[in-house]
Every structure is written in structure tokens, then in C-alpha cells.
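Chain and residue survey
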Amino acid sequence: MITIAHASKAFGDFLALHDVSLDIPTGSLTALLGPSGSGKSTLLRAIAGLDDLDGGTVTIGGADVTQVVPQKRGIGFVFQHYAAFKHMTVRDNIAFGLSIRRRPKAEIRRRVDELLEVVGLEVFQNRYPAQLSGGQRQRMALARALAVDPQVLLLDEPFGALDAKVRADLRRWLRRLHDEVHVTTVLVTHDQEEALDIADRIALLHKGRIEQVGTPDDLYDRPANEFVMSFLGSVSRLGGRLVRPHDIVLERAAGGSAVDGGIRATVRRIVRLGFEVRVELQDDDGAEFTAQLTRGDVEALALREGDAVVASSARGTPFEEPSLAVTVAS
Amino acid sequence: MRLRTGARLTARTVALAYLTVLVILPVAVILWRSFGEGIGGFLASVTTPAAISAFNLSLLIVAIVVPLNVVFGVTVALALVRGRFPGRGALQAVVDLPFAVSPIVVGVALILLWGVGGWFGGVEALGVKVIFGLPGMVLATIFVTMPFVVREVEPVLHEIGQEQEQAAATLGASSWQAFWRVTLPAIRWGLTYGVVLTVARSLGEFGAVIMVSSGFPGVSETLTLLVHGRYLDDHNTFGAYCAATLLMAMAVVALVLMTLLDRKRSTR
């Protein structure tokens, strides 16, 4: 368990963390999610001890480590830009932490072999980081962090510098790795899809505060406020209610005028994105909104641009509207 | 096309002529004069007691100056790149001062500071002869070579940033271990170039050293002073050429050694 209590940190006038408290359960894979400048990286670096907090405490496994140097926190840290030791081979990079701990040579060899296999870099073990691709470098960095058996694995935008395909592969690979190794993992990301895909728990940060903590489903289906809702996916405003575009149901106006709570609207544009179809609409008051349908739905309705439809949603705004006003004002 | 070829040829000829007159010819003349009477004459001239003493003194100064410049050069570079302290801008400027100040001024300044009646002149009463002794020559050489290591290491430190050191820290390395195992290997190219330049400049320094040396042949003459002394005082032009050739040979050896060392390391 990692416990952060009342953490605050300022860089000059900029408040990076504002009285943040968060519990991270042992063995979980928690994502610290948020836009840039939200304080997520600062929070991660505070857990690692790479940045000092102005106030508050960090507890790892029951021990208060607020004043403890990074060397003694039992952590592994993976940087966005790999921070590979450029003058060392892959093997020596992975062995670094063990060699610092003066472990016997045979033990180091065994452990490094093991990790090379886990990250699939056996054939590259004698190469230098410059001779590896970005994805390979990041796997090396992960192996290096795991080599010292950390209590906690901290990843700072680990896939941020990689292209989309490699990122998706590595993401899946990391999830599988976590299921095997079970080390408490905290991952910083600004990509909501990544957080929803990989994490057991998400803490969503915004302007140095935590907006909501919960499972991916909690945050997606039961967002605490408009910021959370719109950060985790697209949002449409359907006659004063906030709904997900894929929760909107369209019916032809002729036969569906009686739909309870339905909003009359006109189809402005239909965009086909493979299986998904994005329908851009305008209601009778002139407000524009978007519905997300499947190709089948659109074909069944024989929808054309200019058609009059009735839009409705079974779900209402998942949070109380007053909190909306507060968020907008802040 | 013809014209462009012509222009190119002209540019090359000019460049070559420039180099020939200013660099190649002087070197060639010295070599020719040194070895004109065969290798025997040259060897005899560079193995006189005064020459051997000058050779040893030059090497001794290099041996003292290089480690000092490496330690303080790297420290200053680290302070300039990583430090956030008042007066950092001033330190930046001070580091470049030796490039701007004429060596002879350095010599004069050292005499004013360390000579009889100077601020630190008192050390002479304690039995340490700075001016007209080895310490003075070392101080003069340190002054003129100080910027080399700093200015070669600084950009490399900028480029590598601090992430590798932070990674080392999270893996359990103390700052000392991180420095030896991560930072130092990362800056070794810059450091090596800084050392090569320091060695070459230390061997070749004349103006600052002549001011603070007592200039006795066989006692306090470096190789550059030997060349000067033989030529002007002894009217021994041949001996001056031979000493100059030796000086050049040492600089070339330093350059080649460092290059080989680097190549060996980088292919390891």
C-alpha cells in the first residue's frame, strides 16, 4: 500500500499539487491520469523521492518515506525517455542495480538472464541502447527497474515517446507482466484510452487536485463531474443533459414523435469511421451535438443528411448538475 | 560549369598555399634543420643535461596540471550546468578570462600576488618559493589552461541531462557511485578532448611561464624556455631547432595517444 497524505508542491507560482491524498493498494496497477500540468508526474516523482514535497507525507508499505532518499525507498522507476545508460550494454544496464548492491556475480548473471527472457531481449543483450528501437529500450528500462525486486514500480509516461502500434503492444505486454509479477505499479499517462485499457484503478488529476479515484468503469460510467466525464471520453449535450454519444438513440421523426423525453433534431452530417458512424445533429433550438451509432443502426434507419430525427438517451447526466457549475467556475 | 570548376580549383589552391606558407613550411624548415646533419646531431642536441632537464620539467608540469584541471574543470562544469546559485553568470565569464588575457599579463599578475611584497608573498618566508620556482610555473600553466576542460565538458553535461543519474539513484546508487559509473563515462569524450588541449597548451606555454621562471638551464627551464634560451642567449640555432622538434613530437604523441585510447574504449 502506498499512501499519500495532504501532498502539496509548488514550482514558483505554479501549484503542481494541492493537498492531494491518495491510497494505492498493494498489487494494483494504478494510473495517474490527467492533462499536462495536472500534477500527475510531480506526484509520481514525489513517491519516488526524486522531487521533495512542500507538505504532506508519503508512506510505502507502512513506512513513512517522506524524508527517505530515492535509493532507499525500494522503488523501480521508468522514465518516458528511457534514461538508458548509453555507455553500457543491455546486459550491464539491467545488472546495474544488482551490481550496486554488490550481489555475487553468479546471482547477477542468473537474474539478468531471467529478466532478459521476460522482456524478450536475449538476442540483444550485448548491444548498446543506441542500437535498439524505442520499444526495446523501454523494455530494457523496465527490466532494469525490476531487477532489484522493487516494492513499487513507478512508470512516468512510459509509452509516451513511442508510436501508436508499439505503444499498444507494449501496453498489453505490461498488463500481462503485471498479472505475472504482481508488483504494485503506478503509471502516469495523459492518454485516457491507455488508462482505461491497462489500469485496475485510475486517479484523475486536474490542476494539482484529484478529481476522482476508482475503477475504469467507475470513472467512465459514474463520473463525479463534467471534467471527469469529458476527459474519459466524448460527451454530447442532449437537451441540457450530458450523455455519452454512444448512449444516444436515434429514431425517425415521423413515427417517433411520441418518444418520452426525445429531442427533435436534424442530421447535419454523417461520418463513417469503419464500424462506427458519427452523426452530427442540430436540435430545434439550434444546439449542435453528436451521436455515435453503428453502421448497422444507420443502415436500418436509412439515415441521410437533412433527415429529421428524434434523439433520446436512457441515461441522464451521471452526476448532480450543481457540481458542474463549480467545475466550470474553478 | 567550367567556371565553377575553375573557381573551385582557385579556392583549393589558395587554401593550400595559405596552409603551406603558414603551417607546413615552418614545420618543414624546423624538421629539415634538425635532421639536416643526420639523426646523430639531433640526438646529441636533445640529450644534453639541460635538454633532459627541460624535457622532464615540461612533463612534470603537465603531470601536475592535468589532474588538477580534470578535477576542478569537471567540478566547475557541474556547478555551471547544474548549479542554481547567485554569481553563476559571473563564474561563466571568469572561466573564459584566460582565453582573453595575454599570458604575459598572467605572469605579471602572479609576480604581484606571490612575489616579494605581494599579497601572498609571505609564503616565501615559510620556505616555499613560488615565483622563480616550480609552483609559479604550475600556477601560470593552470591559469592559461583552465578553460579547456570546463568548456569541453560543459556542453556534454548539458546534453545528457540528469535523467540517467536519477535512474541510477532509483536503482540504489549513491551520488558518488552515480558520478563514477554514469556521469563520468558519459562525459569521457569531452573530458578527453579537454585533456588533450590542456596537455598541448601546457607543453607550449611560454609567455606566462617565462615571467615566473628563474630561467636557469638545467634547473628551471621548460622546453619552450630552452628553445628560447638556446636561440637568443646561446646563439645555438641548431640546438633551438632540435628542442623545437622535440616539443612538436611530444604534442603529436599526446594527440595520437588520446585518439588511440578513445578508439579502444569506444569499441569495447
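Definitions and cut-offs
- Residues numbered from 1 in each chain as written.
- Chains lettered and ligands numbered in written order.
- Predicted model: local features only at pLDDT ≥ 70, side-chain atom pairs only at ≥ 80, totals over all residues.
- Heavy atoms only, no water.
- Helix = DSSP H or I, 4+ residues; strand = E, 2+ residues; numbered from the N terminus.
- Buried < 20%, exposed > 50% of the residue type's maximum accessible area, 1.4 Å probe, protein only.
- Contact = heavy atoms within 4.5 Å.
- Salt bridge = Lys/Arg side-chain N within 4 Å of Asp/Glu carboxyl O.
- Expected span 1.5 Å × (residues − 1).
- Arc of directions from axis to C-beta.
- Nonpolar A, V, L, I, M, F, W, Y, C, P; charged D, E, K, R; others polar.
- Pairing = 2+ DSSP bridges.
- Axes fitted to C-alpha atoms, helices over the stretch in contact; angles between N-to-C directions.
- Domains from an automatic or database assignment.
- Buried area = accessible area lost by both parts, 1.4 Å probe.
- Polar contact = N/O pair within 3.5 Å; in protein donor to acceptor, adjacent residues only side chain to side chain.
- Parallel < 35°, antiparallel > 145°, perpendicular 65-115°, else oblique.
- Left-handed = near helix turned anticlockwise from the far one by under 90°.

1. Remarks on the overall build of chain A
- When its secondary structure is counted, chain A shows eleven helices and 17 strands.
- Expressed as lengths along the three principal axes of its C-alpha atoms, the size of chain A is roughly 80 × 45 × 30 Å.
- By residue count, 50% of the 330 residues in chain A fall in the buried class.
- For chain A, restricting intrachain contacts to residue pairs at least 6 apart in sequence, the fraction spanning at least 24 positions comes to 63%.

2. Here's the deal with the pattern of salt bridges
Residue and element names in this part refer to chain A.
- Scanning the entire structure with this criterion turns up 22 salt bridges over all chains.
- Notably, a salt bridge pairs Arg111 with Asp149, separated by 3.1 Å at the nearest N-O pair. Here the residue Arg111 occupies a position in helix α3 (residues 105–119), and Asp149 occupies one in the loop between α4 (134–146) and β7 (152–156), the gap between them amounting to 38 residues.
- Taking relative accessible area as the criterion, Arg111 reaches 19% and is therefore assigned buried.
- Of the charged contacts in the structure, one is a salt bridge between Arg171 and Glu193, with a shortest N-O distance of 3.4 Å. Here the residue Arg171 occupies a position in helix α5 (residues 164–181), and Glu193 occupies one in helix α6 (residues 192–198), the gap between them amounting to 22 residues.
- Given a relative accessible area of 7%, Arg171 falls into the buried group.
- Linked through salt bridges whose partners overlap, the residues forming this network are Arg171, Glu193, Glu194 and Asp197.

3. What about helix α5 (residues 103–114) of chain B?
All names here are of chain B.
- With twelve residues, α5 extends 16 Å from end C-alpha to end C-alpha; this agrees with the ideal 16 Å at 1.5 Å per step.
- Burial in α5 covers these residues: Val106, Gly107, Leu110 and Trp114. All buried residues of α5 fall inside an arc of 100° around its axis, so they share one side.
- In this structure, the buried residues of α5 make contact with α6 (134–160) and α9 (207–212).

4. Topic: the interface of chain B and chain A
- Counting from both sides, the interface comprises 18 residues of chain B and, opposite them, 24 residues of chain A.
- Where chain B packs against chain A, one counts zero salt bridges.
- Sorting the residues of the side of chain B that touches chain A by element identifies α7 (163–170) and α8 (175–204) of chain B as the ones contributing at least two each.
- A class-by-class count of the residues in the side of chain B that touches chain A yields seven nonpolar, seven polar and four charged.

5. Quick word on the sheet that holds strand β10 (residues 209–214) of chain A
Residues and elements named next belong to chain A.
- The six strands lie next to each other as β6-β7-β8-β3-β9-β10, forming an open sheet whose pairing is mixed. If you trace the sheet from one side to the other, it starts and ends with β6 (75–78) and β10, each paired once. Going across the sheet, the axis of each strand differs from the next one's by a mean of 15°, ignoring polarity.
- For strand β3 (residues 29–33) and strand β8 (residues 184–189), the ladder comprises five bridges, and the chain directions are parallel. Among the inter-strand pairings, Leu32 is bridged to a residue of β8, identified as Val188.

6. Digging into the domain arrangement of chain B
All names here are of chain B.
- According to the domain assignment, chain B consists of domain 1 (1–34) and domain 2 (38–267).
- One C-alpha centre belongs to domain 1, the other to domain 2; they are set 32 Å apart.
- Counting residues at the interface gives five residues for domain 1 and eight residues for domain 2.
- When the two sides are added together, the surface that domain 1 and domain 2 hide from each other amounts to roughly 570 Å², 71% of it contributed by carbon and sulfur.
- When the area that domain 1 buries against domain 2 is broken down by residue, the three leading residues are Ile30, Arg33 and Ser34, summing to 79%.
- Inspection of the region where domain 1 meets domain 2 yields zero salt bridges.
- At the junction of domain 1 with domain 2, the criterion picks out three residue pairs in polar contact (both at pLDDT 80 or more).

7. What to know about the pairing of strand β15 (residues 276–283) of chain A
Residues and elements named next belong to chain A.
- Pairing of strand β14 (residues 263–273) with β15, which is carried by eight bridges, proceeds in the antiparallel orientation. Note on β15: the bridge partner recorded for Ala265 is Asp283.
- The pairing of β15 with strand β16 (residues 288–294) spans seven bridges and is antiparallel. Within the sheet, the bridge partner assigned to Val279 lies in β16 and is Ala291.
- Between β15 and β16, which pair antiparallel one after the other, the connecting turn spans four residues, and Gly286 there sits at a positive phi close to 95°.

8. A few points about the side chain of Arg111 of chain A
All names here are of chain A.
- At 2.8 Å, the side chain of Arg111 forms a polar contact with the side chain of Glu114.
- A polar contact of 3.1 Å, which involves the side chain of Arg111, links it to the side chain of Asp149.
- Dropping the residues within four chain positions of it, Arg111 is found in contact with Leu98, Leu146, Ala147 and Asp149.

9. Focus on the packing of helix α3 (residues 49–82) of chain B against helix α4 (residues 88–100) of chain B
Residues and elements named next belong to chain B.
- Their axes nearest at 10 Å, the elements α3 and α4 cross at an angle of 140°. Our classification of the angle between α3 and α4 gives oblique. Note that α3 runs across α4; the crossing there is left-handed. Judged by residue contacts, Val76, Ala79 and Leu80 of α3 engage Arg88, Leu91, Gln92 and Val95 from α4.
- Its residues placed into classes, the contact of α3 with α4 shows five nonpolar, one polar and one charged.

10. Regarding the sheet that holds strand β2 (residues 14–24) of chain A
Residues and elements named next belong to chain A.
- Taken in spatial order, the four strands make up an open sheet running β2-β1-β4-β5, and their pairing is antiparallel. This sheet does not close on itself; its edge strands, each paired only once, are β2 and β5 (63–64).
- As paired elements, strand β4 (residues 55–60) and β5 share two bridges and run antiparallel to each other. Within β5, the residue paired with Ile60 across the bridge is Ala63.
- The strands touched by helix α1 (residues 40–48) within the sheet are β1 (2–11), β2 and β4, with β2 carrying the most contacts at an inclination of about 60°.

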